[in-house]
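# Reading the structure
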Amino acid sequence: MPASAAKLRLAETVKEADLVIDGVTMRFETREGAITAVDDMSFSVERGEFVSIIGPSGCGKSTVFNILGGLVRGYEGKVSVGGDVISGPHPSIGMVFQEESTFPWRTVLDNVAFPLEVKGVRKAERHEAARHFIDMVGLNGFEQRYPAELSGGMRQRVAIARTLVFEPKILLMDEPFAALDEQTRLLLGDKVLKIQETLKQTTLLITHNITEAVQLSDRVIIMTFRPGKVKRIVDIRLPRPRTGDVVGSEAFGRHVAEIWNDLREEASRGMAESEAGARRRKG
Amino acid sequence: MRLAGIPPLAIGFATVGLVLGVVELLLLLGLLNQFVIPLPSAVLGSFGRLFAEEQLLERLMMTGSEALAASVLVSVVGISLGVLLYKVRILALATEPWVAAVAAAPVVLAYPLFLVIFGRSAATIIAMGFVAGLAPVILKTLEGLKGVRKSLINVGLSYNLTPSQQFWKIEFPAAIPTIFVGVRLGLVFALINLIGVEFLINFGGLGQLINDLAERYDLAGVFATIVFVILVSVVIFAALERMERWLRPGR
Ligand SMILES: Nc1ncnc2c1ncn2[C@@H]1O[C@H](COP(=O)(O)OP(=O)(O)OP(=O)(O)O)[C@@H](O)[C@H]1O
Ligand SMILES: [Mg+2]
């Protein structure tokens, strides 16, 4: 049973863990009845570890993300961050959202400086910090632009820099590159990898892209479709520090095939169900 | 056809000039009736007379300041009420349909009531403009705040912003484009009613002058005064646009 396997792992690593999610279940009431978006999920992420959650669209990934971020309540189970059981957003967590989340009325510089601004950091100081992280995501020269003047990928990098500027100990990212083309995605993935290897944050990345998950992670958590459970946790045994070249290696290909094998079943079930749902709504 | 290099303002003026020229020609040829439409040249010619004999400048200032007062009131009170309805959901549920009904009502017909309350004064005129323009500002403010993207709100929550930071740093700026749509609509209603009431109660600036001139059958004068009414609204809307760009840069 995958869930109990996850619990076992939890028991071993609980002292080192930065993020622990323990028996979390979340139901939503909808017009078509209650749906269980997340069902008894348990896993943990150790300090400095890079973990990805992968699963088909609609399997509950964003729900897990919002729960970990403290943005939703009303779930069963327990979530602890850095040892504290949370009941709201935890200050050591930084979040990068799936949807567009830059502020259109702020320049890149003021977008990135935002978290420091609201905490009362002086202008000169927060701008200096913002410049550092703008540089880190490769957007120097665009400080005075507004988001509408940037490409989607650049806006997502602004969002990442805005989260990093706060120097969160734990970084949560919900499909940050989902809207990007494959090349940009790989390059940005490289960037994130470098940043994480320098800053050593505990990172949880949510994705539905297998290549991305394997390229970046120490472990990949595969989720089932409806209800969302932990199906399997795969250890990625690729050397670090990793570069973009790792994508071409044989071990990489083996991991991708292994994960795809697990995921295919869930994805096709997800697709069948959403098609059936669409027919029901039409009929 | 490429018109690059010519400023849009010049093209606008050229178009207006052209249309006026054509109207003049049609009137002179007798294809349009001069008893219904005055000659554009006569309208232009009447400006001097209006300034000299009808105190056009004073009237322009009077209507202008009434319009300004009504605009400020409509914006400030309308936005505040919209925010209040947003913050107190139960109030919104209770009153939103009524506000929408008021928005559609011909408020100008209530002018006798305002006359009784405020007398035949600038206060009546400003109050009528204010009441007429209020509803769309409230409704659009509420709509704008309700429609703020969830992801922007979540960014604020994830940084544990205080409720006032959450409002002033995220919700309000995000809602500004929609709020300004409401303010623009509200000001259109306010201006129409303002001039209309000046006309109806024969008091105040440009509206009263239009009334006088119409009774004297001075068509050229009427049209010339209407040009100045338009001028007032152009100035107000230009100021509004400035303000929006200042409050909400970056589109
Ligand atoms: N606020 C909500 N109210 C009702 N149902 C919801 C709500 N949020 C999510 N759901 C449902 O829960 C399920 C999981 O949604 P979630 O957004 O977590 O999926 P996801 O894995 O992030 O999908 P994607 O990859 O497309 O982003 C979906 O079936 C969705 O319809
Ligand atoms: Mg999602």
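Presented here is an overview of the structure given in this document.

Our next topic: the overall build of chain B. Helix and strand counts for chain B stand at 10 helices and 0 strands. Along chain B, helices (α) and strands (β) appear in the sequence α-α-α-α-α-α-α-α-α-α when read from the amino end. In chain B, which comprises 251 residues, the proportion classed as buried is 42%. In chain B, 73% of the contacts between residues at least 6 apart in sequence involve partners at least 24 apart. Counting only carbon and sulfur atoms, one obtains 74% of the accessible surface of chain B, whose full area is about 13,400 Å².

Now for the site of ligand 1. All names here are of chain A. Neighbouring ligand 1 are 14 residues; Ser57, Lys61, Ser62, Thr63 and Arg226 lie closest to it. With respect to ligand 1, the backbone of glycine 60 contributes an N or O atom lying 3.0 Å from an oxygen atom. Within the side chain of threonine 63, an N or O atom sits 2.6 Å from an oxygen atom of ligand 1. Looking at the shell around ligand 1, the elements with two or more residues in it are β1 (17-30), β2 (33-46) and α2 (61-68). At 3 residues, α2 tops the list of elements feeding residues into the shell around ligand 1.

Another aspect to go through is the packing of aromatic side chains. One pass over the structure, following the stated rule, counts 11 aromatic pairs over all chains. Ring plane angle 35° and centroid distance 5.7 Å describe the contact between Phe167(B) and Phe172(B), whose orientation is recorded as tilted. Phe172(B) matches Phe167(B) in its accessibility class, with the two residues each being buried. Feature note: the residues Phe103(A), Trp105(A), Phe114(A), Phe166(A) and Tyr159(B) constitute an aromatic cluster, connected by ring pairs. Seen from the ring of Phe103(A), Arg162(A) lies directly overhead, with NZ or CZ sitting 5.0 Å from the centre.

This paragraph deals with the sheet that holds strand β3 (residues 50-54) of chain A. Residue and element names in this part refer to chain A. Pairing within the open sheet is mixed, and its 6 strands lie in the order β6-β7-β8-β3-β9-β10. Looking at strand neighbours, the two that pair on one side only are β6 (93-96) and β10 (230-235), the edges of this open sheet. Here the strands of the sheet are splayed against their neighbours by 15° on average, with no regard to which way each runs. Bridging between β6 and strand β7 (residues 170-174) involves 4 bridges; their strand directions are parallel. Bridging across to β7, isoleucine 93 finds its partner in isoleucine 170. Strand contacts of helix α5 (residues 152-164): β6 and β7, with the helix running at about 175° to β6, the strand carrying the most contacts.

What follows concerns the interface of chain A and chain B. Each partner contributes to the interface: chain A provides 23 residues, whereas chain B provides 19 residues. For the pair chain A and chain B, the summed buried area comes to about 1,900 Å², and 64% of that belongs to carbon and sulfur atoms. Our enumeration of links across chain A and chain B arrives at 1 salt bridge. The salt bridge involving Glu117(A) is made with Lys169(B); its shortest N-O contact spans 2.6 Å. Our count for the contact surface shared by chain A and chain B stands at 7 residue pairs in polar contact (both at pLDDT 80 or more).

Another point: the sheet that holds strand β5 (residues 84-85) of chain A. Residue and element names in this part refer to chain A. One open sheet holds the 4 strands; their spatial order is β2-β1-β4-β5, and the pairing between them is antiparallel. Of all strands in the sheet, those with a lone pairing partner are β2 and β5, marking the two edges. The pairing of strand β4 (residues 76-81) with β5 spans 2 bridges and is antiparallel. If you follow valine 81 over to β5, its bridge partner there is aspartate 84. With respect to the sheet, α2 is in contact with β1, β2 and β4, its orientation differing from that of β1 by roughly 120°.

Turning next to the pairing of β10(A). All names here are of chain A. In the sheet, strand β9 (residues 219-223) pairs with β10 via 5 bridges, with the strands oriented antiparallel. Bridging across to β10, isoleucine 222 finds its partner in arginine 232. In textbook terms, the turn of a hairpin is the stretch between consecutive antiparallel strands, and for β9 and β10 this stretch comprises 6 residues, one of which, arginine 226, has a positive phi near 35°.

A word on unusual backbone geometry. You will see that Asp40(A), though not glycine, has its phi angle at about 45°, which is positive. Of note, Asp40(A) is situated in strand β2. Phi angles above zero are rare outside glycine, and Asn160(B) is one such case at about 55°. Following the sequence through the fold, Asn160(B) ends up in the loop between α7 (150-158) and α8 (163-201).

Here the focus is helix α6 (residues 182-199) of chain A. Residues and elements named next belong to chain A. Taking 1.5 Å per residue as the helical rise, α6 with its 18 residues ought to reach 26 Å, and the 25 Å between its terminal C-alpha atoms agrees with that figure. Those residues of α6 not exposed but buried are Arg185, Leu188, Gly189, Asp190, Val192, Leu193, Ile195 and Gln196. Among the structural elements, β3, α4 (123-136), α5, β7, β8 (202-207) and α7 (210-216) are those in contact with the buried residues of α6. Note on α6: the residue one or two positions beyond its end, lysine 200, has a positive phi of about 55°.

A few words on empty space enclosed by the protein. Residues and elements named next belong to chain A. A complete count under the given rule lists 1 cavity of 30 Å³ or more for this structure. Considering the residues around the largest cavity, the lining is formed by Ile160, Leu164, Leu171, Met173, Val192, Ile195, Gln196 and Gln201. Of all the secondary structure elements, the ones that give two or more residues to the lining of the largest cavity are α5, β7 and α6. Its residues placed into classes, the lining of the largest cavity shows 6 nonpolar, 2 polar and no charged.

Cut-offs used in this document
- Residues numbered from 1 in each chain as written.
- Chains lettered and ligands numbered in written order.
- Predicted model: local features only at pLDDT ≥ 70, side-chain atom pairs only at ≥ 80, totals over all residues.
- Heavy atoms only, no water.
- Helix = DSSP H or I, 4+ residues; strand = E, 2+ residues; numbered from the N terminus.
- Buried < 20%, exposed > 50% of the residue type's maximum accessible area, 1.4 Å probe, protein only.
- Contact = heavy atoms within 4.5 Å.
- Areas by Shrake-Rupley, 256 points an atom, 1.4 Å probe, with all protein chains shown as cover.
- Near = heavy atom within 4 Å.
- Polar contact = N/O pair within 3.5 Å; in protein donor to acceptor, adjacent residues only side chain to side chain.
- Phe/Tyr/Trp six-rings, centres within 6.5 Å; stacked < 30°, edge-to-face > 60°.
- Lys NZ or Arg CZ within 6 Å of the ring centre and 35° of its normal.
- Pairing = 2+ DSSP bridges.
- Axes fitted to C-alpha atoms, helices over the stretch in contact; angles between N-to-C directions.
- Buried area = accessible area lost by both parts, 1.4 Å probe.
- Salt bridge = Lys/Arg side-chain N within 4 Å of Asp/Glu carboxyl O.
- Expected span 1.5 Å × (residues − 1).
- 1 Å grid on protein atoms, 1.4 Å probe; cavity = no way out; pocket = protein on both sides within 12 Å on 5 of 7 lines; lining within 4 Å.
- Points joined across faces, edges and corners; volume = space filled by probe spheres on them.
- Nonpolar A, V, L, I, M, F, W, Y, C, P; charged D, E, K, R; others polar.

Bear in mind that shape data such as this cannot, by itself, settle questions of function.
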